[in-house]
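One-letter residues, chain by chain:
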Amino acid sequence: LVDNASYGGFTNYITVPPSEYILDITPGNDKDIVVASFIADLSGLKGGAAVVFASGFLTPADNQNGPAFGLFAALPNGTVVGFPVKPKTALLQVIHNAADPAAEMVDIYIDDAKAIPDFTFRTATEFLEVPAETEFVVGVAPAGSSGPGDIIASFPFTLADGETYVAIANGVLSPGSFASNPDGIDIGFNVYPAAGISTEADSYHEIDLIAFHGSTDAPTVDVVARGAGILFDDLSYTDYSNYQTVPPAEYILDITLGNDNDAVVVSYIADLSGLGGGAAVAFASGFLNPADNQNGPAFGLFAALPDGTVVEFPVYEGMMATARLQVIHNAPDPAAEIVDIYVNGDLFEDNFEFRTATPFLDVPAGVTLDIGVAPGSSSGPGDIIATIPVMLQEDRTYVAIANGVLNPDDFADNPDGESIGFDLYARDGVREEGNYRYFTDLLVFHGSPDAPTVDIRIKGFWFGPLVNNLTYGEFSNYKTVWPLKYVLNVTPGDQPFNVVASFVADLRGLRGGAAVVFASGFLNPANNLNGPAFGLFAALPDGTVVELPAYGNGYAKEFAKVETVPQEFELGQNYPNPFNPTTNISFSLPESGKVTLRVYNVLGQEVRTLADEYMDAGVHTIQFDANDLSSGMYFYRINTESFTESKKMMLVK
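It should be emphasised that the depicted structure is a prediction, and the values quoted were computed from it without experimental measurement.

(A) Main features of the overall build of the protein. Across its full length, the protein holds zero helices and 48 strands. Relative to the globule expectation of 26 Å for 653 residues, the C-alpha radius of gyration of the protein, 35 Å, shows a markedly less compact shape. Counting only C-alpha atoms, the protein reaches 120 × 65 × 50 Å along its principal axes. Counting all 653 residues of the protein, 45% fall into the buried class.

(B) Layout of empty space enclosed by the protein. Scanning the entire structure with this criterion turns up six cavities of 30 Å³ or more. Estimated volume of the largest cavity: approximately 290 Å³. As for the largest cavity, its lining consists of 31 residues, and the residues nearest its centre are V223, F232, L253, I255 and L301. Of all elements in the fold, only strand 15 (207-213), strand 16 (221-225), strand 17 (229-235), strand 19 (250-257), strand 20 (260-271), strand 21 (279-285) and strand 22 (300-304) reach the threshold of two or more residues within the lining of the largest cavity. Taken together, the residues that form the lining of the largest cavity break down as 30 nonpolar, one polar and no charged. What the second largest cavity holds in volume is close to 80 Å³. L92, V94, I108, V138, F157, L159, Y165, A167, A169, V191 and P193 together form the lining of the second largest cavity. Looking at the lining of the second largest cavity, the element that brings in the most residues is strand 13 (residues 164-170), giving three residues. Its residues placed into classes, the lining of the second largest cavity shows 11 nonpolar, no polar and no charged.

(C) Region of the structure containing a nonpolar patch on the surface. Together, L1, V2, I14 and V16 give the surface a local cluster of nonpolar side chains, amounting to about 360 Å² of exposed area. Structurally, V2 is set in the segment before strand 1 (20-25).

(D) View of the sheet that holds strand 5 (residues 80-82). Taken together, the three strands give an open sheet; going across it, the order is 3-4-5, and neighbouring strands pair in antiparallel fashion. Strands with a single pairing partner mark the edges of an open sheet, and in this sheet they are strand 3 (51-55) and strand 5. Averaged over all neighbouring strand pairs, the angle between strand axes comes to 30°, with direction disregarded. Across five bridges, the pairing between strand 3 and strand 4 (residues 70-74) is antiparallel. Bridge pairing links A54 to L71 in strand 4.

(E) Looking closely at the sheet that holds strand 45 (residues 606-615). Taken in spatial order, the four strands line up as 45-44-47-48 in an open sheet, and their pairing is antiparallel. Each end of this open sheet is capped by a strand with a single partner; those strands are strand 45 and strand 48 (644-651). This sheet shows a mean twist of 15° between the axes of neighbouring strands, independent of strand direction. Direction of pairing for strand 44 (residues 593-601) relative to strand 45: antiparallel, over a ladder of eight bridges. Residue pairing across strands places R598 opposite T609, the latter belonging to strand 45.

(F) Molecular detail of the layout of surface pockets. Its boundaries defined by the atoms lining it, the largest pocket holds a volume of some 1,900 Å³. The residue inventory of the lining of the largest pocket, partitioned by class, reads 28 nonpolar, 12 polar and four charged.

(G) Molecular detail of the side chain of N181. Topologically, N181 is positioned in the loop between strand 13 and strand 14 (190-195). Reaching out from N181, the side chain makes a polar contact with the backbone nitrogen of D183 at a distance of 2.8 Å. In this structure the side chain of N181 is engaged in a polar contact, spanning 3.3 Å, whose partner is the backbone oxygen of A218. For N181, the residues in contact, after removing those within four places along its chain, are I187, S215, T216, A218 and Y237.

(H) Region of interest: the pattern of salt bridges. On inspection of all chains with the given rule, the structure shows 16 salt bridges. With a shortest N-O distance of 3.8 Å, R598 and D612 are connected by a salt bridge. With a gap of 14 residues between them, R598 in strand 44 and D612 in strand 45 connect regions that are remote in the sequence. Since its relative accessible area comes to 22%, R598 is described here as partly exposed. Salt bridges here are not isolated pairs; linked through shared partners, they connect K594, R598, E606 and D612.

(I) Here's a closer look at the nonpolar core. Within the largest apolar cluster, 32 residues are counted, with the highest numbers of intra-cluster contacts made by L209, Y251, L253, I255 and L272. Those elements that provide at least two residues to this core are strand 15, strand 16, strand 17, strand 19, strand 20, strand 21 and strand 22. Here the element with the most residues in this core is strand 19; it accounts for four residues.

(J) Spotlight on the environment of D208. Here D208 is to be found in strand 15. As a C-alpha pair, D208 and G632 span 424 residues in sequence and 20 Å in three-dimensional space. Leaving out residues up to four positions away in the same chain, D208 has contacts with S198, E200, A201, Y243, Q244, T245, G278, A279 and A280.

(K) Spotlight on unusual backbone geometry. In this model, N577 is joined to P578 through a cis peptide bond whose omega is 0°. With respect to the secondary-structure elements, P578 resides in the loop between strand 42 (570-571) and strand 43 (582-589). In this model, N580 is joined to P581 through a cis peptide bond whose omega is -10°. Structurally, P581 is set in the loop between strand 42 and strand 43. In this model, N65 sits at a positive phi of 55°, which is unusual for a non-glycine residue. For N65, the location among the structural elements is in the loop between strand 3 and strand 4.

(L) Structural detail: the environment of P578. Accessibility expressed as a relative area gives 51% for P578, which makes it exposed. Considering only alpha carbons, one finds P578 and M633, 55 residues apart in sequence, at a separation of 9.3 Å. Beyond its immediate sequence surroundings of up to four residues, P578 is in contact with M650 and V652.

(M) Local environment of the packing of aromatic side chains. Per the stated rule, a full pass over the model turns up 19 aromatic pairs. Geometrically, the ring pair formed by F155 and F189 is tilted, given 6.0 Å between the ring centres and 45° between the ring planes. A residue pair is termed long-range when its members are at least 10 positions apart, and F155 in strand 12 (residues 153-157) and F189 in the loop between strand 13 and strand 14 qualify at 34 residues. Judged by its relative accessible area of 11%, F155 falls in the buried class. Look at F439 and W482: their rings are 4.1 Å apart centre to centre, the planes differ by 45°, and that puts the pair in the tilted class. Residue F439 is found in the loop between strand 32 (423-428) and strand 33 (440-446), and its partner W482 is found in the loop between strand 36 (479-481) and strand 37 (485-492); the two are separated by 43 residues along the sequence. For F439, a relative accessible area of 23% translates into the label partly exposed. In this structure an aromatic cluster arises from ring pairing among Y425, F445, Y472 and F475. Note that R431 overlies the ring of Y478, its terminal NZ or CZ placed 4.2 Å from the centroid.

Calculation rules
Residues numbered from 1 in each chain as written. Predicted model: local features only at pLDDT ≥ 70, side-chain atom pairs only at ≥ 80, totals over all residues. Heavy atoms only, no water. Helix = DSSP H or I, 4+ residues; strand = E, 2+ residues; numbered from the N terminus. Rg over C-alpha atoms; globule rule 2.2 N^0.38 Å. Buried < 20%, exposed > 50% of the residue type's maximum accessible area, 1.4 Å probe, protein only. 1 Å grid on protein atoms, 1.4 Å probe; cavity = no way out; pocket = protein on both sides within 12 Å on 5 of 7 lines; lining within 4 Å. Points joined across faces, edges and corners; volume = space filled by probe spheres on them. Nonpolar A, V, L, I, M, F, W, Y, C, P; charged D, E, K, R; others polar. Patch = residues over 30% accessible without salt bridge, like charges linked within 9 Å, V, L, I, M, F, W, Y side chains within 5 Å. Areas by Shrake-Rupley, 256 points an atom, 1.4 Å probe, with all protein chains shown as cover. Salt bridge = Lys/Arg side-chain N within 4 Å of Asp/Glu carboxyl O. Pairing = 2+ DSSP bridges. Axes fitted to C-alpha atoms, helices over the stretch in contact; angles between N-to-C directions. Polar contact = N/O pair within 3.5 Å; in protein donor to acceptor, adjacent residues only side chain to side chain. Contact = heavy atoms within 4.5 Å. Core = buried A, V, L, I, M, F, W, Y, C linked by side-chain atoms within 4.5 Å. Phe/Tyr/Trp six-rings, centres within 6.5 Å; stacked < 30°, edge-to-face > 60°. Lys NZ or Arg CZ within 6 Å of the ring centre and 35° of its normal.

Note that all results are geometric; they support no functional claim without further evidence.
Now the structure itself:
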């Protein structure tokens, strides 16, 4: 504001908005040395003017104890206003991470004044302005304390002016009643401060992270980001790490022994994708062995944000074998119109209605799952009326269709002699998205108990059936079709001119998608307790079930023009995702040109070039083999002369 002003000199006039300012007085040749700071509240001087003058002695003792240095303003009416000295302050965030059950909730005092009442374990304050360059005392008292006389522990601090700190309350009140630290570190209750804390990153493409080891019974550990290496190295109890700057993304963090990164203690999912430009303090919390520590809270990984929000990182279950499963209720028995689905005695789907579906869900693999069916609004697993054991393979994707009737003798027999009793029909290799960006993948299931073996043919297409000789209880192979509007004729097997029913299948919104089409209901409801009539339905991966309307006079025969050349640039999501160790990446080019397709790890380092060449217009698919890479998040980016896009993918070995 004022540059190189010497004693006895005037500045030129300076025009500023009427606001409140903090004015730092510095030597003319060193802006980093602040001699004094003043608060200049000019918000009431809009349209006015003032003469600001420095006054008094910097060192009164050397000047007959004359008046001390100050900054003043003379207004046109003769009023002289002294600018008050800015108090020296620091910013402080306090985190309660003391896992002792006796300290689950405390009151925090600053210089005997209650500053944070009812401060709960694993919570944090926002950044608070506290005195600097002078000692103040942080006191801890039981929650609901009546005053400073209840303080049970005090900790003096002197903070630097303008610095930013975090202070983490940690440890236990009676160390002899808890398991010792494996490294011999004192686990008594204490407050651990750290300076130089970041409240925001330098770029929206970065996040500033610092970590604190706050688990009293845990050894020295490393924090390893899969695909990127060691994030925090050799952290012992009460240690802070150095700051690490990472891109905003989702990470799998392995907590390993400090001297053995193959010994994974536990893994967490850290979704930092929404923290671009921000900062966080990550802290390990709780006990590895609660039973040895008064059954205190279990070990976990948390992050405190600058506004005081504390986020818990969920445990990564990737080490547990899982499969993907969608369940479809297609049993047309009126007595099973609404059911409850149990898995190993736990309620999986409540009030599951006929012709509805679940989305694809992660379920345990490699173990027997007893899938039980009970009447809707059941009171518990004791109401189960049918149990079907299944075992799913790891990393496979399944659909399971509940079909059939509870009492077959009350219903018409299947014309082909197939059993129509209630059962669960499962198939693996099911797709949650299409294999190709510009097509739609269909899997068809025959679920009509009184219908014979059927074909499904596309009306107006001269070549063979879409689905051939499908018998009750069977799945077809996948069929890949253009995403158009079709009329589907259902005929008895090998009888193309004997159309039983026709349906309109509008697939124009399913480009690049997949669906399970299922025949449902009875051809002759009157012979089947007046159950639901025959129809065709499609279950989408998100659980939406769409009824295909019957074809009649209200539907004209429509066939859209098939575009063999894409109309726009597009980078597809890799399939499968997550993958191990290969996946396919598809992209569309509306024009020919130079194309590069590269893969990067979470640190932005290139790990593979998949394409770097001239390519013709069209849809292209390239396989990525990551057999030599470690598990973790990766990014792939396509570049052409006029198009750039990136997507992320997860390698899980």
